[in-house]
Amino acid sequence: MAEQSRSPREPVEEAAQPGSPGGPGRRRVLAYLLAAPTLAVGARLGLDAVGGESAEAAVPSLPQPEELFDLGDMQTLAAAPTSGLISVQVHADGTASFAVPRAEVGQGMTTAVAMMIAEEMDLPLAKVRVSLADARPELLMNQLTGGSNSMRSIYLPVRSAAAVARQRLVATAAQQWGVPESELTTRDGVITHGAAKSATYGSLAEAAASARTVTASAHLKSASDFTILGTPQNRIDARDIVTGRKKFGMDLHVSDAKPTMVRRPPTVNGTVVSVANADAVRNMPGITDVATVEHGVAVRGETFGQCIDALRALEVTWGPGTVDKESDDTVLAKLRAAALPMVVPPLLTKKIDAEFSFAFASNSPLEPDNAIADVRSDRAEIWASLKVPIVAQRDIADRLGLPQTAVTVHVVEGGGSFGRHLFHDVAAEAAEISQKMGKPVKLSWSRTDNFRQGRTHPMCVSRVRATYALGNVVSYEQRHTSSQTDFGHGLGEMITSTAAKLPVAGNLTFAETIFQLTQSTPYNFGVTTQLLNEVPLKFNTGSMRNIYSPNVACARELVVDQLAAKMRKDPVAFRREFLKEERLRAVLDKAAEAGEWGRALPAGVAQGIALHTEYRGAVASLVEIDCRPETVNRKVRDGVTGPRVTRALMVVDAGFAINPRGLEAQMMGGMNDALAMALTSSLHIKDGIPLEGSWDEYFYTRQWNTPPHLRVIVMPSTGDKPSGAGELGVAPAFAAIACAYARATGTLPTSFPINHATLSFDPLPLEPSTPQSPTDGLDRAF
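Calculation notes
Starting from 1, residues in each chain are numbered consecutively following that chain's sequence as written. Local features in this predicted model are restricted to residues whose pLDDT is 70 or higher, and side-chain atom pairs enter the listing and the counts only when it is 80 or higher, whereas totals over whole chains, interfaces and linings include all residues. In computing side-chain properties, one takes all heavy atoms of the structure into account and sets aside hydrogens as well as water. For two strands to be treated as a pair, DSSP must find at least two bridges joining them. Under the scheme used here, helices are H or I runs from DSSP no shorter than 4 residues and strands are E runs no shorter than 2 residues, and both carry numbers assigned from the N terminus. To define axes, lines are fitted to C-alpha atoms, for helices over the stretch in contact only, and angles between the resulting N-to-C directions are given on a 0 to 180 degree scale. By definition in these notes, contact holds between two residues if any of their heavy atoms fall within 4.5 Å. Here the word oblique covers every angle except those under 35 degrees (roughly parallel), over 145 (roughly antiparallel) and from 65 to 115 (roughly perpendicular). Three categories are distinguished: nonpolar for Ala, Val, Leu, Ile, Met, Phe, Trp, Tyr, Cys and Pro, charged for Asp, Glu, Lys and Arg, and polar for the others, with Gly belonging to the last. To sort residues, take the accessible area from a 1.4 Å probe on protein chains only and compare it with the maximum for the residue type: under 20% means buried, over 50% means exposed, and anything in between is partly exposed. Confidence of the prediction at every residue is given by pLDDT, a number between 0 and 100.

Undergrad: Even after reading the chapter, I still don't get the sheet that holds strand β8 (residues 197–200), so can you show me in this structure?
TA: Whenever strands of a sheet pair, they do so through backbone hydrogen bonds, lying parallel or antiparallel. With antiparallel pairing, the three strands of this open sheet are ordered in space as β6-β7-β8. At either margin of the open sheet sits one strand with a lone partner, and together these are β6 (185–187) and β8. Sheet twist, expressed as the average angle between the axes of neighbouring strands with direction ignored, equals 25°. Direction of pairing for strand β7 (residues 190–193) relative to β8: antiparallel, over a ladder of four bridges. The partner of threonine 192 across the bridge, within β8, is serine 198. Docked against the sheet, helix α5 (residues 201–208) engages β6, β7 and β8, running at close to 75° with respect to β8.

Undergrad: Would you mind showing me how to read the sheet that holds strand β17 (residues 370–375) here?
TA: Across the sheet, seven strands lie side by side as β12-β13-β10-β20-β17-β18-β19; this open sheet has mixed pairing. Edge strands, defined here as strands with exactly one partner in the open sheet, are β12 (287–293) and β19 (407–411). The sheet shows a mean angle of 20° between the axes of neighbouring strands, direction not considered. The sheet contact formed by strand β10 (residues 258–263) and strand β13 (residues 296–301) spans four bridges and is antiparallel. Bridging across to β13, threonine 260 finds its partner in arginine 300. Helix α11 (residues 425–437) contacts β10, β12, β13, β17, β18 (380–384) and β20 (441–444) of the sheet and is inclined by roughly 35° relative to β17.

Undergrad: Help me understand the packing of helix α13 (residues 491–498) against helix α14 (residues 510–518) in this model?
TA: A pair of packed helices is captured by two measures, namely the crossing angle of their axes and the spacing between those axes. Where α13 meets α14, the closest approach of the two axes is 10 Å, and the angle between their N-to-C directions is 80°. By the angle between their axes, α13 is roughly perpendicular relative to α14. Taking contact as the criterion, the partners of Leu491, Gly492, Ile495 and Thr496 in α13 are, on α14, Phe510, Thr513 and Ile514. Class assignment of the residues belonging to the contact of α13 with α14 gives a composition of four nonpolar, three polar and no charged.

Undergrad: Is there a simple way to explain the pairing of strand β23 (residues 472–483) in this structure?
TA: Two faces, one strand: in a regular strand the side chains alternate between the faces of the sheet. Burial analysis of β23 places 10 of its 12 residues in the buried class, the great majority of the element. Bridge count between strand β22 (residues 460–469) and β23: 10 bridges; the pairing is antiparallel. Within the sheet, the bridge partner assigned to cysteine 460 lies in β23 and is serine 482. Hairpin connection between β22 and β23: a loop of two residues separates the two successive antiparallel strands, and leucine 470 in this loop has a positive phi of roughly 55°. Pairing analysis gives nine bridges linking β23 to strand β24 (residues 527–535), with the strands arranged parallel. Among the inter-strand pairings, glutamate 477 is bridged to a residue of β24, identified as threonine 529.

Undergrad: Would you take a moment to explain the confidence of the model for the protein chain for this structure?
TA: The predicted coordinates ought not to be read in detail in places where the model reports low pLDDT. Across the protein chain, the average pLDDT comes to 91, with 93% of residues at 70 or higher. A low-confidence stretch, residues 10–24 (pLDDT under 50), is modelled with 40 contacts involving residues beyond four sequence positions or located in other chains. A low-confidence stretch, residues 45–61 stays under pLDDT 50, and its non-local contacts, those more than four residues away or across chains, total 42 contacts.

In structure tokens, the structure reads:
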């Protein structure tokens, strides 16, 4: 990335300026000078990240818990005790580095962090190095990536550490030159005293270092002085990505860590009873080891191709899994039977009752799940893409019978996540295999492993009752019933540690607490309740992008359209009338204007609009969908088509947009996820296992299903800190697509995705668990 020309930084003693949107003005901040050979400044993580000792929130007359204190606030609160244990370091070559205790899985987090440091230090972006921190148990609950919380929690702390680093360098130069600090300026990593003297940060790094850890302070930049933050920036790793230089987990090379794969059972979580031909398989070309593990039989060889041949040759007798008799119909019946009752009687009012079902969805990342493990008798070393590495380290140590301090966990960049990397089962399996074989292993799951034995977004049913009278909505009740979601990845510990300060009461489960901290309705609909109930089915579930919100918001916004129709009001006008807050009105108005709401469209083509607020952000989505037969029935080789969204608009208010270009990319990704969830992508469960076995069968959004016209509008900053954004766009986009489909077809869709009832592929065999490697790639190229 080209270095950016910077104007000289004003002296640090400049009087404080009032704050403005985009930054806390000349706010004075605290950090720590850490004992180190060169300058190192510890960031204060904790409640400063949300601007004080209480969560930000609007104060409606009847607030829901999420509006007072949301999931991100809980995460920040839980991280507070380990404030000061991460640091920005300045090196002798003039660069600054930061090992961020979060995971980079394609969301652009490392770019945003580099921008914070470059801004406050007056450094070119090219001189900032951001890496991923290894598992650090001393951080306790401060090393979890999820809940769209990363930018919210580290924005002020990282800037503070960078500002103190710059201040320390200025003070060191002033002391060496015998001049007042106020006469010095900084620009592009150089400190100058008029035309007489200059010094690079690198030349001062050793002298600026502290022999002991002490508290230090500095002023943050005013937003009006920003030259990087708040401006569109390319990703710092963009060139490496497009040229193939970027290193993901599968690209790592560890000495003697040979390719390893696992033959897996024909049902979810099945177990091995016996292996009839382990010795014969061990003698196959290239194979070095065969070992039985918790849920399969592992083979290690010289190449992955040899591993596939070997695992396919295994003769395994399988024991039962955890959901062997379950299929879509049986799960759906159990969910409907477990739905909590509505409590508001429709006395003297009219009502709308609706039920919506959502199929299982895959948590598979684009990069096949993989991990490297080297387990010895007294220690272990793991390499994997992990969002909660401390939990992974502790669990792997327990499984291996080692102390946690003997297990080193390196966090590597992952090729996507969708929530999958909140779980460390792949890394734990690699460790188990390495221990049993006594050798390093490079484990890769196959695509089929990912889809059939990996994590899924649970099937769920959302029931809604809304009562209305005399032009008002009197009550809104939503009862969301889901197959059990696994939160055994660290969020549960956060809930326990912060329980006394959460705005929820009663003996709630972890899932119910997370539901209450993420769900609220943006409308003044009188008596409002949203409740979760779970059915304890033992599928491998997880917190896919946006957790409950896409399903909950889809159901809600479809009912909002129904209410508008019953009251003979335009859907936009109806929403505007009942919205709780001005930020949502602003994004709604902008979407209606920019998206040309109400424009004339042919029969079978319609617009849909939806709103969502979460993570302290606000989004409106407006789409146009073509449901005409000639579009629905269009043919694409080996693909699924159906209705097509032809125009899509996302209008987002994310507080302060650190990197508008990155925010735009997040909204685009959210739209593509929403297209898949609404129209084409789902898992079909039969006899205890998904039928889908690859991306070819899962029908995630493809180029022929993406909108030819997609626009993202980033609203002007409405706050001095960023909201969460990584998951923010999925729910409103999903809901807008569903609302558009309803208006285009004249029918209320109640089952998602729209095409779930049609099985559009021939399932791969369940045995062997991994299909033979294809040899006809050129024949399938477009």
